[in-house]
Amino acid sequence: MKIQLQDGSIKEIEKGSKEAFDVLNHSTSHLMAEAISELYPEAKFGFGPSIEEGFYYDIDFNDQVITDDDLAKIEKKMHEIASKGQKIIRKEVSKKEALEIFKKNPYKVELINGIDSQITIFSQGEFVDLCAGPHLLSTEPIKHFKLLNIAGAYWRGDSKNKQLTRIYGTSWYSDEELKNYLQMVEERKRRDHRLLGKQLDLFMISEYGPGFPFWLPNGMTLRNNLIDFWTKQHIKYDYEFVDTPIILSRELWEISGHWDHYRQNMYTLKIDDKDFAIKPMNCPGGILVYKNSIHSYRDLPIRMAELGHVHRHEASGALNGLFRVRTFTQDDAHIYCRRDQLTDEIITLLNFYEEMYSVFGLKYSIELSTRPEEGYIGDIEVWNQSEKILEEACRKSGHEFKINPGDGAFYGPKLDFKLKDSMGRIWQCGTIQLDMNLPHRFGMYYIDENGEKVEPIMLHRACLGSVERFIGILIEHYAGAFPEWLAPVQINILPVNNNYHLNYAKELKDLFKKKGYRATLDASEEKLGYRLRNSQVKKIPLTIVIGDNEVKDRSVTYRRYGQKDQVTISLEEFIKMVDKDIEMKIAY
RNA sequence: GCCGGCUUAGCUCAAUUGGCAGAGCAACUGAUUUGUAAUCAGUAGGUUGUAGGUUCGAUUCCUAUAGCUGGCACCA
């Protein structure tokens, strides 16, 4: 298929490509704008790009509120216009001409005034838009689209500016693709950790504590198992563990710089007329531990891990289930090392993270965030060197990464590990940060081979990031059907008949308990089908049915979650299988 | 925090134009003793988020407020 570029050239592209999707969606956003300008002549348009899964357009409706009914109306108009199959015409204009065309639209005027290069406009019928393309040759292929939702969005992404109405939509080349996409959106909703968290009694959030999650017994089991694994991994990688106080005095936060920079996001309180703060981060406490004794160059690297319970005052509108909360547990660690140990430490960390995430089958991407344009501390030479070290560590250990320019912390560059939730939203989980600030501020040192005091290099790192967020991602990743090693209940035992089979069932439950399995026995006076269904609804990995045959042979008939077939094996084999599943952390 | 939307039984949702708050599931009680995704019958369950207002009368309309939610901004 053919598309037209900004310079007027025609390019042949493949219909299934990402580029083709983008062009279609961009042209659909123009079609939507055309429909809107017919229905609401006063509407002024801002940005209207294609995005990952569709498109949006930001529109100033002069304070008129747009509802779902309006969306339906706009969609109808779009179909009407598209059926005419208008040509999409590109034209080059001068700045003066452009300003004349868009004189009624302050947003486009602002954009035009910011353009130094060639200005192009694309038009279809009566509708003209300032645009760099690329576009379809006509509106003819635009048939299979849907407007999805309405949102508010600040002009140019700045909360100081006016908020426009953003309409999101998605557009595809065939009805089948559109249907598939909408079906996938539904599936994502079914996997939403907030929904599953409720269904499976994992956690709750009370209106008495917005953003402060409660862990219910099932969720706590899951969490404890995760943390148990986490602890073992850290022991394997030679970490020590500490725990530092949740409340510390204002002076400490002044030294660390948090009191000045981030007080708005900190919960503060007075104790005996003195200012204190609830920790939003663990580093200052960790540093006090480091400073509690004198360290020799021989002691380094020191790797100190802490499951730190932090509180941050997040904006009310930012709260989102377990993904964005006001209190969470960071699987934090601080590594203090010499300069010559740094690269190896980072490579080890990269491998460590790889090992952790792969246990869950989670895909991730790495971003290297570099020095911010402004507000950074320390000298550029050290920054450049540090960035190079992070880069080199990725290269040496064979990890691909993307550079995220200017997004580093003010105190140093970092590697961020991003995981996707079921909605396709990206969440930062792991991080490795090089800190060129705190060791100095806190006057940290170790004694080198000449007996001199030397400042150590400090790495902040979190692998899961937030235990809460990570579990949220796990819930969605597994759609609530956890592998045995994590599942709140691993085995559900169903006796066919309580008069004849209950004894063996109880014997099994006792045995499983001794083995450390989490097993339940459902001896309620319900039909087997009913109890089996309950077992599936609760997403219990293994459901075993005990009847005459099993009692006679001392065997077990089991069925895995989500599978229809039943397998009968000896009790010994069953135990061997469960042990292996748990040990190997197998997910079915 | 900002722009929209939502809030009815433990859960999922109904309730005509403003006119007696209702169902399924879960719970409880009883019967049923069950071989792979819902046995039957009954009982109980509510200050319709909260506080005001309009009205003879409010789940329904208005105002405020809290929480949730789709985005935006924010995320050290």
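Quick caveat: nothing in here was measured; it's all calculated off a predicted structure. (Residues numbered from 1 in each chain as written. Chains lettered and ligands numbered in written order. Predicted model: local features only at pLDDT ≥ 70, side-chain atom pairs only at ≥ 80, totals over all residues. Heavy atoms only, no water.)

A. Up close: the protein's contact with RNA strand B. Around RNA strand B lies a shell of 50 residues, among which Gln163, Ser316, Glu525, Arg533 and Asp548 are the nearest. The sugar-phosphate backbone supplies 49% of the atoms of RNA strand B found within 4 Å of the protein. A distance of 2.6 Å separates a base nitrogen of RNA strand B from a polar side-chain atom of Tyr154. One nitrogen or oxygen atom from the side chain of Tyr168 is found 3.1 Å from a sugar or linking oxygen belonging to RNA strand B. Those elements giving two or more residues to the surface near RNA strand B turn out to be strand S10 (144–154), strand S11 (163–172), helix H6 (193–199), helix H16 (528–537), helix H17 (548–553) and strand S30 (555–560). Among the residues forming the surface near RNA strand B, the class breakdown is 19 nonpolar, 16 polar and 15 charged. (Near = heavy atom within 4 Å. Polar contact = N/O pair within 3.5 Å; in protein donor to acceptor, adjacent residues only side chain to side chain. Helix = DSSP H or I, 4+ residues; strand = E, 2+ residues; numbered from the N terminus. Nonpolar A, V, L, I, M, F, W, Y, C, P; charged D, E, K, R; others polar.)

B. Structural context of the sheet that holds strand S28 (residues 519–521). Ordered in space as S28-S27-S29-S30-S31, the five strands form an open sheet in which the pairing is mixed. What marks the edges here is a single partner per strand, and that holds for S28 and strand S31 (567–570). On average, each strand axis in the sheet is inclined to that of its neighbour by 30°, with strand direction left out of account. As paired strands, S30 and S31 are joined by four bridges and run antiparallel to one another. Bridge assignment links Val556 to a residue of S31, and that residue is Ile569. (Pairing = 2+ DSSP bridges. Axes fitted to C-alpha atoms, helices over the stretch in contact; angles between N-to-C directions.)

C. The arrangement of the packing of helix H15 (residues 502–515) against helix H18 (residues 571–584) in detail. Here H15 crosses H18 at 35°, and the two axes come no closer than 13 Å. Note on packing geometry: the crossing formed by H15 with H18 is right-handed. Facing H15, whose interface residues are Tyr504, Leu508, Leu511, Phe512 and Lys515, H18 presents Leu571, Phe574, Ile575 and Asp579. Looking at side-chain class alone, the contact of H15 with H18 contains seven nonpolar, no polar and two charged residues. (Left-handed = near helix turned anticlockwise from the far one by under 90°. Contact = heavy atoms within 4.5 Å.)

D. Structural context of the packing of aromatic side chains. Scanning the model with the defined rule gives 32 aromatic pairs in all. When the ring of Phe45 is compared with that of Tyr57, the centres are 5.3 Å apart and the planes differ by 70°; the resulting orientation is edge-to-face. Of this pair, Phe45 sits in strand S3 (residues 44–45) while Tyr57 sits in strand S5 (residues 54–60), and the two are twelve residues apart along the sequence. An identical accessibility class is assigned to Phe45 and Tyr57; each is buried. Between Phe229 and Trp485, the ring centres sit 5.3 Å apart and the planes meet at 70°, which makes this aromatic pair edge-to-face. One end of the pair, Phe229, is in helix H7 (residues 217–236); the other, Trp485, is in the loop between helix H14 (467–477) and strand S27 (491–495), with 256 residues separating them in the sequence. Site record: aromatic cluster; members linked through ring pairs are Tyr237, Tyr239, Phe352, Tyr353, Tyr357, Tyr364 and Phe417. If you follow Arg166 out to its NZ or CZ, it ends over the ring of Tyr56, 3.7 Å from the centre. Lying across the ring of Trp485, Lys585 places its NZ or CZ 4.9 Å from the centre. (Phe/Tyr/Trp six-rings, centres within 6.5 Å; stacked < 30°, edge-to-face > 60°. Buried < 20%, exposed > 50% of the residue type's maximum accessible area, 1.4 Å probe, protein only. Lys NZ or Arg CZ within 6 Å of the ring centre and 35° of its normal.)

E. A look at the environment of Leu252. Along the polypeptide, Leu252 turns up in helix H8 (residues 250–256). Judged by relative accessible area, which is 8%, Leu252 ranks as buried. It is 51 Å that separates the C-alpha atoms of Leu252 and His26, two residues lying 226 residues apart in sequence. Sequence-distant contacts of Leu252, that is, excluding residues within four places in its chain, are made with Pro284, Leu288 and Phe442.

F. Focus on the environment of Glu449. Take Glu449: it is sitting in the loop between strand S24 (446–447) and strand S25 (453–454). A residue is classified by how much of its surface remains accessible, and Glu449, at 57% relative accessible area, is exposed. For the pair Glu449 and Arg298, spaced 151 residues apart in sequence, the C-alpha to C-alpha distance is 8.5 Å.

G. Just a nonpolar patch on the surface, in detail. Nonpolar side chains collect at one region of the surface, where Ile246, Ile247 and Ile271 lie side by side and expose about 200 Å² of accessible area between them. Turning to its location among the elements, Ile271 is positioned in strand S16 (residues 268–271). (Patch = residues over 30% accessible without salt bridge, like charges linked within 9 Å, V, L, I, M, F, W, Y side chains within 5 Å. Areas by Shrake-Rupley, 256 points an atom, 1.4 Å probe, with all protein chains shown as cover. Salt bridge = Lys/Arg side-chain N within 4 Å of Asp/Glu carboxyl O.)

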